[in-house]
Amino acid sequence: MSSPSTRRLLKESSDLHKNPSPYFTAAPISDTNLHDWHFTLAGPPSPSPYAQGLYHGRITFPATYPLRPPSFRFLTPSGRFEVNREICLSISGHHEETWQPAWGQGQVGGMEGSDELRREYARLSLGWSCRECGVGNLEAMRELWGVCLERGIEVEDEIAAVGGSAGVDAGVEGQRETVEAEAEAAAPASEGGCCSCWK
Ligand SMILES: [Zn+2]
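This section reports on the structure supplied with the text.

Definitions and cut-offs
- Residues numbered from 1 in each chain as written.
- Predicted model: local features only at pLDDT ≥ 70, side-chain atom pairs only at ≥ 80, totals over all residues.
- Buried ≥ 20, exposed ≤ 12 C-beta atoms within 10 Å, placed from the backbone.
- Helix = DSSP H or I, 4+ residues; strand = E, 2+ residues; numbered from the N terminus.
- Pairing = 2+ DSSP bridges.
- Core = buried A, V, L, I, M, F, W, Y, C linked by C-beta atoms within 7 Å.
- Contact = placed C-beta atoms within 7 Å.

## Section: the pairing of strand S4 (residues 71-74)
Argument step 1. Side chains Phe72 and Phe74 project from S4 onto a buried face, and the interleaved Ser71 and Arg73 project onto a face without burial.
Argument step 2. Relative to strand S5 (residues 86-87), S4 runs antiparallel, the two being bridged by two bridges. Bridge pairing in S5 links Phe72 to Ile87.

Here you go:
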């Protein structure tokens, strides 16, 4: 049970807990399997089409972690990453800065949605919750921002305003079908397996 991999993951989980970021939260989905985590991530700032969106996904750590990298999947539709498909991210862990390049172009598992579609998904993402772990994006992040504020960690205005006025209202539900149809039409940007871009 106490393999180097497990000890490392326990430490990372505890570090993340001790030093919370207002942009990113992640935890193992059960106490018995530390190699399967779910995360919730705030989109990059404006003018990004993902600004004020919240995205949930899965991190799978191999038994040989940290010698081998974890793999990532997004579960919340974004118009950027295919849902529940392994994506190639050359990030090493849990700091939000390392996520920023992932929103750029060209990753395996990326897709070509229009900015309009991506903005629509960003709005819809606030009402999204995970069927597997039961976490709601907005609830999870609000809890996190509460913790950050208590500890004197700055939460930028744009982030703190997420879900404040627009977004999670009745109008959003009605738009969902349109967006899903449009999303199906958006073809994946690339094919093939994950590259070995782990650094
Ligand atoms: Zn989840």
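On we go from here.
## A word on the nonpolar core
Argument step 1. Core analysis: the biggest nonpolar cluster contains 19 residues, and Phe24, Phe39, Leu41, Ala42, Leu54 and Met141 have the highest contact counts within it.
Argument step 2. Those elements giving two or more residues to this core turn out to be strand S1 (24-28), strand S2 (36-42), strand S3 (54-60) and helix H4 (137-150).
Argument step 3. Dropping the residues within four chain positions of it, Leu54 is found in contact with Thr40, Ala42, Ser125, Leu126, Asn137, Leu138, Met141 and Val162.
Argument step 4. The next biggest cluster of nonpolar side chains, apart from the first, holds six residues, and it includes Leu117, Tyr121, Ala122 and Trp128.

## Digging into unusual backbone geometry
Argument step 1. Residue Pro47 is reached from Ser46 by a cis peptide bond, and omega for that bond is 5°.
Argument step 2. Here Tyr65 and Pro66 are connected by a cis peptide whose omega angle stands at 5°.
Argument step 3. At Gln52, a position not held by glycine, the phi torsion is positive, near 65°.
Argument step 4. The phi torsion at Asn84 lies on the positive side, around 55°, for a residue other than glycine.
Argument step 5. As for its position among the elements, Asn84 is in the loop between S4 and S5.

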